[in-house]
Every structure is written in C-alpha cells, then in structure tokens.
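What the coordinates show
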Amino acid sequence: MMAETKKVVPARIPEEAYKALEDIVGPQWISQDRAVVETYSKYCVDRTGYLRKHMKDPTAIPAAIILPGSTEEVQAIIRVCNRYKVHSIPFTNGQFSINAPPTPNPTLCIHVSRMNRVLEINEENMTATLEAYGDYGQLQAEAMKRGLWNGGCPLATTLCKLSSQMQAVGVWQTDLKYGTISRNIISAKVVLPTGDILKLGSSSVSGVEDFWEYGPGPDLLGLVRGSVGTAGVVTEMTVKLHTWVGGKEMPEPPAGRPSIRTYYEQKYDTVSPPKRHKLLWVEFPDYETEIKALRAIAHSGVGIGLNATGVYNSYYCSQTQELTLKRVKEKFFPPYNLYVILAGITSERQIDYEEKVVRAIISEVGGTFLTEDYKGDVLTALAPWNVDCIRHVTGFRMNRFTYAGSNVPGGSVDDVAWITRESLRFAIDKFGETYITDRGGLDDTPFLYAISPYGRFWLSETDVYPDPMNPQMLQRADALVFCGVTQLFAHKCGPGANGIGVSLEPLTSFFPEHGPNAHLLFRKLRKAWDPYNLYVAGRQVFTEEEYKAYPQAIIDAINQMRGLCGMKPVSKE
Amino acid sequence: MMKKKIYERTLEDYREQAWGCARDNWCMNQWGWNVKSSRYNEICPEFRIHRSHAYSGMGKFHITRALLEGDFDYTDSSELLDILYHCTSCGACEMNCLRLEEKEPLKAAEALKYRMIELGLAPLPAHQELIKSIKNYDNPWLQPRAKRKDWTKGLKVKDVTKEKADVLFFAGCTPALDPELTHEAVNTVKVLTKAGVDVGVLGEQEICCGSPAIRLGDRDTFFPLVKRNIEMFKQYGIKKIVTSCAGCYHVIKYDFPEVPNVPDMGGIEVYHISEYLHKLLKEGKLSFKKQMPLKVTWHDPCHIGRHCGIYEEPREILKAIPGIELVEMERIKDQGWCCGAGAGVRTAFPDMALTIATERIEEAKETGAEALVTSCPYCEQNLVDPIRRNKEKLKVLDLTDLVLEALS
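A brief report on the enclosed structure follows.

About the thresholds
- Residues numbered from 1 in each chain as written.
- Chains lettered and ligands numbered in written order.
- Predicted model: local features only at pLDDT ≥ 70, side-chain atom pairs only at ≥ 80, totals over all residues.
- Heavy atoms only, no water.
- Buried < 20%, exposed > 50% of the residue type's maximum accessible area, 1.4 Å probe, protein only.
- Helix = DSSP H or I, 4+ residues; strand = E, 2+ residues; numbered from the N terminus.
- Arc of directions from axis to C-beta.
- Contact = heavy atoms within 4.5 Å.
- Pairing = 2+ DSSP bridges.
- Buried area = accessible area lost by both parts, 1.4 Å probe.
- Salt bridge = Lys/Arg side-chain N within 4 Å of Asp/Glu carboxyl O.
- Polar contact = N/O pair within 3.5 Å; in protein donor to acceptor, adjacent residues only side chain to side chain.
- 1 Å grid on protein atoms, 1.4 Å probe; cavity = no way out; pocket = protein on both sides within 12 Å on 5 of 7 lines; lining within 4 Å.
- Points joined across faces, edges and corners; volume = space filled by probe spheres on them.
- Nonpolar A, V, L, I, M, F, W, Y, C, P; charged D, E, K, R; others polar.
- Patch = residues over 30% accessible without salt bridge, like charges linked within 9 Å, V, L, I, M, F, W, Y side chains within 5 Å.
- Areas by Shrake-Rupley, 256 points an atom, 1.4 Å probe, with all protein chains shown as cover.
- Axes fitted to C-alpha atoms, helices over the stretch in contact; angles between N-to-C directions.
- Left-handed = near helix turned anticlockwise from the far one by under 90°.
- Phe/Tyr/Trp six-rings, centres within 6.5 Å; stacked < 30°, edge-to-face > 60°.
- Lys NZ or Arg CZ within 6 Å of the ring centre and 35° of its normal.
- Parallel < 35°, antiparallel > 145°, perpendicular 65-115°, else oblique.

Quick look at helix H11 (residues 321-330) of chain A
Residue and element names in this part refer to chain A. Those residues of H11 that sit buried are Gln321, Thr324, Leu325, Arg327 and Val328. The arc that holds every buried residue of H11, seen down its axis, measures 165°, which confines them to one face. In this structure, H11 carries Glu322 and Lys329 as exposed residues pointing more than 90 degrees from its buried face. If you follow the buried residues of H11, they end up packed against helix H10 (311-316) and helix H13 (376-381). Downstream of H11 by a residue or two, lysine 331 has a phi angle that is positive, lying close to 50°.

Some details on the sheet that holds strand E5 (residues 269-272) of chain B
Residues and elements named next belong to chain B. Sheet architecture is open: five strands sit in the order E1-E3-E2-E4-E5, paired in parallel fashion. Looking at which strands have only one partner, the edges of the open sheet turn out to be strand E1 (158-159) and E5. Pairing analysis gives four bridges linking strand E2 (residues 167-170) to strand E4 (residues 240-243), with the strands arranged parallel. Bridging from a neighbouring strand, leucine 168 pairs with isoleucine 241 of E4.

So, the interface of chain B and chain A
Counting residues at the interface gives 67 residues for chain B, matched by 72 residues for chain A. Contact between chain B and chain A buries roughly 5,700 Å² in total, counting both sides, with carbon and sulfur atoms accounting for 56%. Among the residues of chain B in contact with chain A, Trp19(B), Arg23(B) and Trp33(B) are the three that bury the most area, contributing 16% of the side total. At the boundary of chain B with chain A, the tally comes to five salt bridges. Close ionic contact of Asp76(B) with Lys7(A) constitutes a salt bridge, the shortest N to O distance being 2.9 Å. Linking chain B with chain A are 39 residue pairs in polar contact (both at pLDDT 80 or more). Elements that contribute at least two residues to the side of chain B that touches chain A include exactly helix H1 (15-20), helix H2 (45-50), helix H3 (57-68), helix H5 (92-101) and helix H12 (246-255) of chain B.

Regarding empty space enclosed by the protein
All names here are of chain B. Under the defined criterion, the tally for this structure stands at 15 cavities of 30 Å³ or more. If you add up the space inside the second largest cavity, you get close to 390 Å³. What lines the second largest cavity is a set of 31 residues, and nearest its centre among them are Ser211, Ala341, Gly342, Ala343 and Tyr378. For the lining of the second largest cavity, the secondary structure elements donating two or more residues are helix H8 (173-177), helix H10 (211-215), H12, helix H15 (345-348) and helix H17 (377-390). Of the residues forming the lining of the second largest cavity, the biggest block, three residues, is contributed by H10. In the lining of the second largest cavity, the residues fall into 19 nonpolar, ten polar and two charged.

Quick look at a nonpolar patch on the surface
Taken together, the side chains of Val205(A), Val208(A) and Phe211(A) make up a nonpolar region of the molecular surface, amounting to roughly 260 Å² of accessible area. Relative to the helices and strands, Val208(A) resides in the loop between strand E9 (197-201) and helix H8 (221-224).

Focus on the sheet that holds strand E5 (residues 118-122) of chain A
Hydrogen bonds between backbone groups are what pair the strands of a sheet, and the pairing can be parallel or antiparallel. Residue and element names in this part refer to chain A. One open sheet holds the five strands; their spatial order is E5-E6-E10-E8-E9, and the pairing between them is antiparallel. The outermost strands of the open sheet, each flanked by one partner alone, are E5 and E9. The mean angle between the axes of side-by-side strands here comes to 10°, regardless of whether they run parallel or antiparallel. With four bridges connecting them, E5 and strand E6 (residues 127-131) associate as antiparallel partners. Looking across to E6, one finds that asparagine 122 is bridged to threonine 127. Along the sheet, helix H4 (residues 71-84) contacts strand E8 (185-191), E9 and strand E10 (233-240); its crossing angle with E8, the most-contacted strand, is approximately 45°. Packed on one face of the sheet, helix H5 (residues 136-144) meets E5, E6 and E10 and runs near 35° to E5.

Re the packing of helix H9 (residues 287-300) of chain A against helix H12 (residues 349-365) of chain A
To characterise two packed helices, one gives the angle between the axes of the helices and the distance between these axes. Residue and element names in this part refer to chain A. The N-to-C vectors of H9 and H12 enclose an angle of 150°; their axes lie 10 Å apart at closest approach. The interaxial crossing formed by H9 with H12 has right-handed handedness. Residue-level inspection shows Thr289, Lys292, Ala293, Ala296, Ile297 and Ser300 of H9 in contact with H12, the latter providing Val357, Val358, Ile361, Ile362 and Val365. When its residues are assigned to classes, the contact of H9 with H12 shows eight nonpolar, two polar and one charged.

What about helix H1 (residues 15-25) of chain A?
Residue and element names in this part refer to chain A. Among all positions of H1, only Ala17, Tyr18, Ala20, Leu21 and Val25 are buried. An end-on view of H1 places all buried positions within 165° of arc, on one side of the element. Of the exposed residues in H1, those oriented more than 90 degrees away from the buried face are Glu15 and Asp23. Elements in contact with the buried residues of H1: strand E1 (30-31), strand E2 (64-66), H4 and strand E4 (107-111). In the stretch just after H1, glycine 26 is the one whose phi turns positive, near 95°.

Section: the packing of aromatic side chains
The full count for this structure, using the stated rule, is 35 aromatic pairs over all chains. Here the aromatic rings of Trp281(A) and Tyr339(A) are separated by 4.9 Å at their centres, their planes lie at 45°, and the arrangement is tilted. Of the two residues, Trp281(A) sits in strand E12 (residues 277-283) while Tyr339(A) sits in strand E14 (residues 337-343), which places them 58 residues apart along the sequence. Side by side, Trp281(A) and Tyr339(A) carry an identical accessibility label, which is buried. Arranged with centres 5.7 Å apart and planes meeting at 65°, the rings of Tyr7(B) and Phe222(B) form a pair that is edge-to-face. You can see Tyr7(B) sitting in the segment before H1 and its partner Phe222(B) sitting in helix H11 (residues 219-235), a full 215 residues away along the chain. Tyr7(B) sits in the buried class, given a relative accessible area of 6%. Cluster of aromatic residues (ring-pair linked, three or more members): Trp281(A), Tyr312(A), Tyr316(A), Tyr339(A), Trp385(A), Phe447(A) and Tyr449(A). Above the ring of Tyr532(A), the side-chain terminus of Lys85(A) is found at 4.1 Å from the ring centroid. Sitting over the face of the ring of Trp337(B), Arg48(B) holds its NZ or CZ atom 5.9 Å from the ring centroid.

A few points about the side chain of Ser314(A)
Secondary-structure assignment places Ser314(A) in helix H10. In contact with Ser314(A), other than residues within four places in its own chain, are Thr324(A), Arg327(A), Val328(A) and Phe333(A).

Quick word on the environment of Asn517(A)
Residues and elements named next belong to chain A. With respect to the element layout, asparagine 517 can be found in the loop between helix H17 (507-510) and helix H18 (518-529). Classification of asparagine 517 by relative accessible area gives partly exposed; the value is 46%. Linking asparagine 517 and valine 86, residues 431 residues apart in sequence, is a C-alpha distance of 29 Å.

Some words on the environment of His242(A)
Residue and element names in this part refer to chain A. Mapping histidine 242 onto the fold places it in strand E11 (residues 242-243). With relative accessibility at 18%, the residue histidine 242 sits in the buried group. Remark: the alpha-carbon pair of histidine 242 and leucine 223, spanning 19 residues in sequence, is separated by 25 Å. Sequence-distant contacts of histidine 242, that is, excluding residues within four places in its chain, are made with Met126, Gly147, Leu148, Trp149, Asn150, Gly151, Tyr178 and Asn184.

Some words on the pattern of salt bridges
Residues and elements named next belong to chain B. Under the counting rule described, the total for this entry stands at 72 salt bridges over all chains. Aspartate 13 is the partner of lysine 4 in a salt bridge, and the nearest nitrogen-oxygen pair spans 2.9 Å. By relative accessible area, which is 38% here, lysine 4 ends up partly exposed. For aspartate 13, a relative accessible area of 22% translates into the label partly exposed. Notably, a salt bridge pairs arginine 215 with glutamate 110, separated by 2.9 Å at the nearest N-O pair. Here arginine 215, found in helix H10, pairs with glutamate 110, found in helix H6 (residues 105-118); they are 105 residues apart in sequence, far enough to count as distant. Of the two residues examined, arginine 215 and glutamate 110, each falls in the buried class.

Comments concerning the packing of helix H9 (residues 182-194) of chain B against helix H13 (residues 273-282) of chain B
Residue and element names in this part refer to chain B. Interaxial distance between H9 and H13 falls to 11 Å at its minimum, and their mutual angle equals 15°. One element, H9, and the other, H13, form an angle in the roughly parallel class. Judged by the twist between their axes, the crossing of H9 over H13 is left-handed. On H13, the residues that touch Thr188, Val191 and Leu192 of H9 are Ile273, Tyr276, Leu277 and Leu280. Residue composition of the contact of H9 with H13, grouped by class: six nonpolar, one polar and no charged.

As structure tokens, this is what we get:
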C-alpha cells in the first residue's frame, strides 16, 4: 500500500533566526533546501522513520541543516537557537536510530561533519583526542601507526563516531578486555543546551595531562554518557589508547580487491587476522553448553573479545542476500557458537598459552573447534570476522533487507541469554515475524557479547527486518520491538530501555520499572540543562507539559502491551 | 539484482533500492579495512567538499525516494542540480554499497539525471554546450570532424576504413583532439607497433563513444552514438578494440551491451591499453631494454579501476620496467580517490575539479614518488592542473609514455 502522492512540506524556522545562523557559518554551510533537508529525515535502524515517510509526516523533516566548523560555532548556534526559540538536534552520521529525527516543532539539524579530525595522539599518555565527527577508522589508523589503538570497534562499523557512541550504546567486540567506550573516556568538551561550554574529565582543569577516568566522587561525565544526545553537542573527546601489536595496517585479502562487477565474490572478503591475533571458532550441541562455555572463557581472563554470533554470520559473511537466505535456510553456520579473539599483546607466546586455556575449557564444557578439516568451508566463510573483529565493516550487511529495530538486553550471561530468547519467542508468537531472519536468536543463538572484563556484564541482541516499503510490516516490527522491550522490563532485565541504561520516551515516563521516579529526576536535570526545552525535546524525558499532552491513545497502547506481558497498567496520574 | 538492461531501467526501477537505503554511510567512506590515515578516510569527492549528506550516494537515494513518492517536486529544490552534477560518477559509492547492501546508488543517480533531462530541467548550461558539440561534431570539444585524424600525421598506421587490421585502436575524442593529450594516442600506436601488433585506426570516421553524454544522464544523445559505433565496427570487420581512454573502455565494453535496441557487439573483444600491454608482456612480446630509474605511483582511473576491475595489470607493467620503483598511495584500486574530472564536473565546476585533483596530488606527493602515472586522458588533464598552478615538481605521465621509452 503506497501513500497518496501529496507533497510533504516541512516547516521553516523564522527568517531572522536563519539569517543569524547564516552569519555564524556562512551561506555555504547552512541550507533549508527541500532536497537537502530530505536527506536528514530518516536514519539508519529506523522503522519509525520509515513509517513517518509512509504517513507523509512533515515533522520528520528538519527545517534546516547547519554545518558548524568549531566548538565556538556550535556555541554560537545554540545561543541563536535559544534567542529565537528554535529547536535543534545534533547529528553525526544518522547510523543509529534512537527515535531520533526531529520533534514536532521546526527543528535545526546541527551536522558536525566538518569537525572530522583526529587532533592528537599522545603516545606518552596513551590517549587520543578527536573532534565530533572523528570515527573509529580514522582513530585506529592513526593510533596503529604508533603501536596503539583505542581498544575496539562497534559491530555497527568503523564509521561510527565516538562522540555519538558515548551518548548512546558504545559497545565493542573487544569489550571483554577493554570495556565499552564509556570505560575509555578521559575527557570531553560539550556545548550544553544553555550555550555554555562544559569541559569534563581531564580537560575540566586547564593545563593538566590526560589522567582522569573516574574519581571517587560524582562526575558530570556520567550525565553526558548515555544521554542519547540530550545533554549537548559533544565537540571533542579524549579516549584511552592501549597497546596494539597487530601492525600498522590491516591485512589485505590475498585475492586482491573487488570491482563493481565482482563485488559478490567471497574471495575478496577472505582475509587473515592482523599479526599476533587469532580467532577461535567453536560450535556447540545446544544453547546451554554454549552459555556455559561463554561464562567459563570470560571468567578465565583470556582473550580480548568473546561473542556468540548466530544469524549475524549469515549476514556479515554473505556477500549477497541470496546467499544470506540460503545459509539461513540450510543452517550453514553452526546455530550455537562463539568466537574468542586472542591477542599476543605481551608476547607471541601469549596466544599459545591462552589457546591452551580455551581448549581446556571447551574440552571440559563440551564443544568442537572449527578447523580446516572440520567444517573448513564454514571457517573460510567466517573469514571476514578476522579483520572485522578489530575494524568492523560488514555489520550493516544486515541492512540489505532492512534491519530496522532491535532489542538489546543487558545483564548476566544467564539472564540475558534466556530472557532474550523467551522475549523473542513471546513476541513472535504474538505478532508474527516480518522476515525469516527475525528468527535469528530463536532458531539459533542470539547475539551474545561480553561487554566487560571477566564477563561481569553481557549484551544480547535480536533484530527485526521489515520490508521498508510495507507499512504493515513496519508496524509489526514496531510491535515486535516494543513487546521485546516490555518483556525486558517485565523480567527486570537491567536498567533503562535496553538493559544498558539508555532511556527514551515514552519508556522513561511510562515504565516506572526504571526506578520509581527516574522520569522526575531526569525532568529536573533537563530543566537545568535546557530551560527552554529546545534541544532534542521529547527524546530522553518529557517535560511536565509534554507529559500532560501525551495522547491517551498511545498510553492505552502502552498499557495493552504491558498487560500482554503481565505488567500493571500505568497512567498519567 | 535487476534483470533489465541498465539503460532500459527508469527511475521507478530504483524505488525499492531508494526506500531500502540503509544510511550506513559507506558511500562516502573508504572501506574500513583499508583506511591508513585519518586524513584520507573518505572516498566521495562530492561529500568531501560539501560535507552535507545530500551530496552523496545516500543523499541521492533519499531524494529519489521522496521524488518518486511525490513528497516534493523536481522544481522544489534549487540545489538538486548541484547535488546531481557535482558527482564525478567515480563509482566509489556504488563499489561499497554493492559490496554491503547490493544497491546501486550511482546508477540510480544517473537515472535521476535522465529524468531531469526528460523534464527539461537538465543538464546544466555548460553541459548543454558539450552535448551540442557531440551532436554537431561527434566530439565534445567543438572541433571539426576533419581534425579527428590530425594526431596520426607522421605515424605509420593503417586506416581500417580502407584496409584490415587485427586491432582497432580507438583513440577517443580527448587524445585525438587535445594537443596536450595527443601523446597518449601517438604513443599507444607506437608501442603497439613496436610489439608487432597489426593496428589500425578509424581516423576521421571515429566518433564519440558517448561516455560524456551518458555520464551526464543523456540517454537520448548516447543511444544513437552506440548504434553508429557498433554499426561502424561491424562494417569494417573489427574483431578487437584497444583504447587508452578509460571512459571509452568502460562505455564500449560494459555500457554498449546495456543499451536496448542496438545491434549486438558480436563478440568484439575490447581492451584497455593497460590490459592489452599486460597481455603482450605475458606473451613475451614486450621487451623493456632501457633502465628507467624513477619512483612512481599509480593513479587508478575510476573507469578502468573500480568500474571494471583493472588494477594489477598496469602495476605489473610498471614493475616490469627496469629501474621503476612503484610506491602506492593510500587510496587505491577499488578505494581509489577520483581525479575530479568525470561526469562533466571539470566542465561545469572547474574549481571543484581542481580541489579534488589537488588532494590527489598531495596524496601522491606523500609517497615520495617523482611521477604519478595513469592511463586516462581525463585523469591526466585534471591532475596536471594543480601541478601547474602550484608549480609542483611531481610529473604526471601516461603509462604509454613510460612503456615507449622503456622499449627504445
């Protein structure tokens, strides 16, 4: 069913405001052109964005796009927005949707793409400072030249910007050793919605070296971290660097490089791991054994990364959608598996020793290593992970058909492993799947990754893949994700919307399971950060007025879902 | 992937891809495994300069979706033509997007260009002059047809319209008519002759391959050129074509078969000169005698590189020349940085073309190379501009310049 062909006309910001903004950056760096604003109106994992396109919702489209070149320009922009009461949102690459596109009010999109430099690699202190649009690929490339790296890369890809990740879900494949991005931030510079520039961490004290991580007392960095972009525009950040022994450059596939005509050939993805790194793949007879193995390996202290991959293999390691579906249907990849990344950081022999430990664990728990002789074709197919585990690229192959939402529970491996599965089963039984690969996590292992040393904390993930041209499937995807999230609250699976502390409306206000008055606290904080409620309004927490105005029909739908999951209803009172 | 020929597809055929654009940003950035520095991590020249996501493969997909659904009209945007025609058609977006998402942002953008032309809204005035020239003179350079064969003066080369030859050397408009680039055509004939190849040319009868037209989205100008070219090849019994122009190679080999309602090429083999010389090298027909101590770096022309997969052949030729030391830039092969000239960008936006080329020259200089070698007249033409302007020491050479000298 296609929407009727009527135009979608976005609102504009006041002309005086536009002129004042133009005076800050120059006319070439601001636009309200219809084609330009369209390209900022739908994000990546964004079923809501697709639905708003079907509904021809003009509020999905920003009123204008501005591209500042410095922290000072960002500050000037925010101040103009405050003066003229113009709403604004920050934007890096729109890769991850957190129900992000504009609020109902005419909104200025602040795109930080001009602030794309790695400013400094401090080899002595082992830190790196980068601007807002600096990504993992840039950071790793510069650091690796010096025998250093930041410690990870998200499964989303090397294009992710660290400044966004620190405010959302900054999870790396190598969190087992290095922890998430939140554990690796030394300092940050933020332009608050008030227009003040706040320096956090080490940079809060002029002239000091990069030393600050977390002291024993309160730290404002904690309020910016995980704030889903609502605390202000992060314009600069400094992160820890760690020893890197894998060489200055990533290995090249022996087969060479593809062309537009040969993009689909597996050989161009078949690559060895970086020097002094090794991946071990193990398959298991069942889910329980896999979970036992994950726990045991995490507790042992070996390895830099530990993950179970499931349906992701069928996407990441398949060069065409046809191959993905074939592999899913034929269960080409082991349904219960894990890979562990070993690194010879202290010496080459570290890998030998750690491999012995892993083998001893697997021997005890049960499991079979994939080798050239045992499922060699599967092992070859898994080759992209050899470099992707460090510098991830193939993650968004999930978008060939179209990754539009996920549930990401967090907690202990046992909780997360079983709750994920049961939540997914419950949701699919109730609403049906949108595509065969929605069943990833049901017919095989969900994604399970150790996101802190020794596996104190794990993340799992299941995803939905609706046809973006089909509004019914998009709505079903919405229901599946919402049901999954509600289930997490019902199972008391960690704080926040996804078990990892990130909170979004309407969950903040209508799921008291967050903590009884979490929304009231967030609301008070928001009043301090953004007294006019102009900056990313309505994303993290509603103001009193927004809360009161929230449509009863949506609250009824929330309660319907809560009821389905065995939870008591909520109301505005 | 679509079964229809590329030039049978309408903009509507890209609806599904446009809706499905995942916004993964890989159309603008170098494949993550290959990034070697913070400075050279980006791959899309249009985005590199404009910094707005509108100016990217992804941007054009989003715009296409909205236009197809009637969310706005083709005349509602004053930047739409800029967004479309600031693109050099380098294919970097399509390379990465195919590899990850199996989508074709460049082809969709070319279909959108054609839609704009059908509506009378494109191309730009500067391009209209170019198209007029092709229609009136069979070349984009406003040169009379009679001048087409001037480059052959003094050369002993067969005229295939009068006598048979094993190989047709298709010179292309730019080497044939631009005096600064004629050396490419002349040297190619000399090299082939030295290698014992029975080579001939079409001379005055050679016409434009149509690449400038189709890269502007102008199918209506392109299709008759395709038909005329194929008919001419058949008329003169051509079995093998070698060209030293990357644009001509891409279009004749891969675009001609995608045009509906034109004769089949009938198995005519089409080679780029780098490919053909590599073949001769492997057959032992090229014997490099002269020591040429020179540090060089190879610039992959987009239209033989990522569009067609010719990466190793020119490199192996260079390495086979005694004394040549080949060093690589960071962005090479499928991730090569465009020279900035393509798809009419140099014609309509010379400043932008110069900026893109300047970045490439900087990248080349960082290798320590004394010369940047390539095999495309547009690349050579555009890359020489910043060198002249900034009085750089780095030389820009055509592959055949080196090969010819090494053979003597």
